[in-house]
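In case you want the letters, here they are:
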Amino acid sequence: MDVRLSEVELDVLWESACLGELPLVLDVPSPGTTHAERAEVVRRTWAGLAERRVPTGGGAGAVARAGDGAARA
């Protein structure tokens, strides 16, 4: 399976995996300046990944974790 991620998808997946800061070579913008904006970005990203049937290894739990207001400013 060939999977290509957008910058936002990479950002959301990396954050949900609790891997810390992205390495400099992978550094991408992290959209969402408020908790509410970030939660909406995360919700839309997970929905898009599910629609494309991209395996996420725990999307539902990650959605709950990411949607709890843990936004990057």
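For clarity, every value in this text was computed on a predicted model and none was experimentally measured. (Residues numbered from 1 in each chain as written. Predicted model: local features only at pLDDT ≥ 70, side-chain atom pairs only at ≥ 80, totals over all residues. Heavy atoms only, no water.)

A few points about the confidence of the model for the chain
Residues shown with low pLDDT carry predicted positions that ought not to be read at fine detail.
Here comes step 1: Of the residues in the chain, 78% reach a pLDDT of 70 or more, and the chain-wide mean stands at 81.
Here comes step 2: Mean pLDDT across the elements of the chain ranges from a minimum in helix α3 (residues 59-66), with 46, to a maximum in helix α2 (residues 35-51), with 95.
Here comes step 3: Low pLDDT, under 50, characterises residues 60-73; the predicted model gives this stretch 19 contacts beyond four residues in sequence or across chains. (pLDDT = per-residue confidence, 0-100. Helix = DSSP H or I, 4+ residues; strand = E, 2+ residues; numbered from the N terminus. Contact = heavy atoms within 4.5 Å.)

Some words on the nonpolar core
Here comes step 1: Val-12, Leu-13, Val-42, Trp-46, Leu-49 and Val-54 together form the largest nonpolar core, which totals 6 residues.
Here comes step 2: Those elements that provide at least two residues to this core are α1 (7-16) and α2.
Here comes step 3: The element contributing the most residues to this core is α2, with 3 residues. (Core = buried A, V, L, I, M, F, W, Y, C linked by side-chain atoms within 4.5 Å. Buried < 20%, exposed > 50% of the residue type's maximum accessible area, 1.4 Å probe, protein only.)

Some points on the pattern of salt bridges
When the charged atoms of two side chains lie near each other, side chains of opposite charge can form a pair.
Here comes step 1: This structure, assessed with the given rule, holds 6 salt bridges.
Here comes step 2: In this structure, the salt-bridge partner of Glu-9 is Arg-52, at a minimum N-O distance of 2.4 Å. One end of the pair, Glu-9, is in helix α1; the other, Arg-52, is in the loop between α2 and α3, with 43 residues separating them in the sequence.
Here comes step 3: Classification of Glu-9 as buried rests on a relative accessible area of 10%.
Here comes step 4: A relative accessible area of 39% means that Arg-52 is categorised as partly exposed.
Here comes step 5: Notably, a salt bridge pairs Arg-38 with Asp-11, separated by 2.7 Å at the nearest N-O pair. Taken together, the residues span a long stretch of sequence, with Arg-38 in helix α2 and Asp-11 in helix α1 at a distance of 27 residues. (Salt bridge = Lys/Arg side-chain N within 4 Å of Asp/Glu carboxyl O.)

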